Amino acid sequence: MIKITTIFGEDAVREYEENNELPSEEWLADNGGVVDEKEFETEAEYNAYIAGVNDADGWSDYHIIRHRSEEADTSREENLWLRLGVSVRGSREEIERILNGDTETLRKLLDAGRYGIGGETYVPGSTVEEYNEDHDTEFEEEDVEFHL
């Protein structure tokens, strides 16, 4: 289960960032904004929600807080960091913005599914080492390579 709190509204987000506390109901009533709690069963549901909120970016400010589960449930999904080889498809202008380091353009193309997986893909040995430490496992602590 993935739990998040989303803060909508420029003033409400600023209040949170300045005080590192959620704005109170009273503060929201006086100044505007919304604090919303959501739960997602899967990472895919969470990612779809985030993509939707990101699509609304520019209309009004917001801030999402993802809560980490206190207990590890081994029957649920886990994350594994790896380097993934992909080819991104976009207009010449979009590709040139990416080559200039424009993260937002890259994120928009990835969120829109405008990529193909292939090329050098691997789980770094350091990630395997961290996994072994976190989960008391004994996988070989070397790069795990894939040829996709």
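To keep things clear, this report deals only with the structure shown in the data block. (Residues numbered from 1 in each chain as written. Predicted model: local features only at pLDDT ≥ 70, side-chain atom pairs only at ≥ 80, totals over all residues. Heavy atoms only, no water.)

**A look at the packing of aromatic side chains**
Across all of its chains, the model carries 3 aromatic pairs by this definition. Between Phe40 and Tyr46 the ring centres are 6.0 Å apart and the planes differ by 70°, which places this aromatic pair in the edge-to-face class. In terms of burial, Phe40 and Tyr46 fall into one category: buried. Using a relative accessible area of 7% as the deciding quantity, one classes Phe40 as buried. Chaining the aromatic ring pairs together yields one cluster made of Phe40, Tyr46 and Tyr49. (Phe/Tyr/Trp six-rings, centres within 6.5 Å; stacked < 30°, edge-to-face > 60°. Buried < 20%, exposed > 50% of the residue type's maximum accessible area, 1.4 Å probe, protein only.)

**Brief notes about the side chain of Glu94**
If you trace the backbone, Glu94 turns up in helix 4 (residues 92-99). Taking relative accessible area as the criterion, Glu94 reaches 17% and is therefore assigned buried. Sequence-distant contacts of Glu94, defined by excluding residues within four places in its chain, comprise Thr105, Leu109 and Arg114. (Helix = DSSP H or I, 4+ residues; strand = E, 2+ residues; numbered from the N terminus. Contact = heavy atoms within 4.5 Å.)

**A few points about the layout of surface pockets**
Considered as a void within the structure, the second largest pocket measures approximately 700 Å³ in volume. Lining the second largest pocket are 14 residues, and of these Asn47, Arg107, Leu110, Asp111 and Tyr115 lie nearest its centre. Every element with two or more residues in the lining of the second largest pocket is listed here: helix 3 (43-55) and helix 5 (103-111). For the lining of the second largest pocket, the residue count by class is 9 nonpolar, 3 polar and 2 charged. (1 Å grid on protein atoms, 1.4 Å probe; cavity = no way out; pocket = protein on both sides within 12 Å on 5 of 7 lines; lining within 4 Å. Points joined across faces, edges and corners; volume = space filled by probe spheres on them. Nonpolar A, V, L, I, M, F, W, Y, C, P; charged D, E, K, R; others polar.)

**Brief notes about the pattern of salt bridges**
Taken as a whole and judged by the stated rule, the model has 6 salt bridges. Note that Arg14 and Asp11 form a salt bridge whose closest N and O atoms lie 2.6 Å from each other. Here Asp11 and Arg14 lie together in helix 1 (residues 10-19), a separation of 3 residues that amounts to about one turn. With relative accessibility at 39%, the residue Arg14 sits in the partly exposed group. Of the charged contacts, one joins Glu96 and Arg92 as a salt bridge, the two residues approaching to 2.9 Å between their closest N and O atoms. Remark: Arg92 and Glu96 occur in helix 4; sequence separation between them is 4 residues, near one turn of the helix. A residue is classified by how much of its surface remains accessible, and Glu96, at 38% relative accessible area, is partly exposed. (Salt bridge = Lys/Arg side-chain N within 4 Å of Asp/Glu carboxyl O.)

Nothing here speaks to function; it is geometry throughout.
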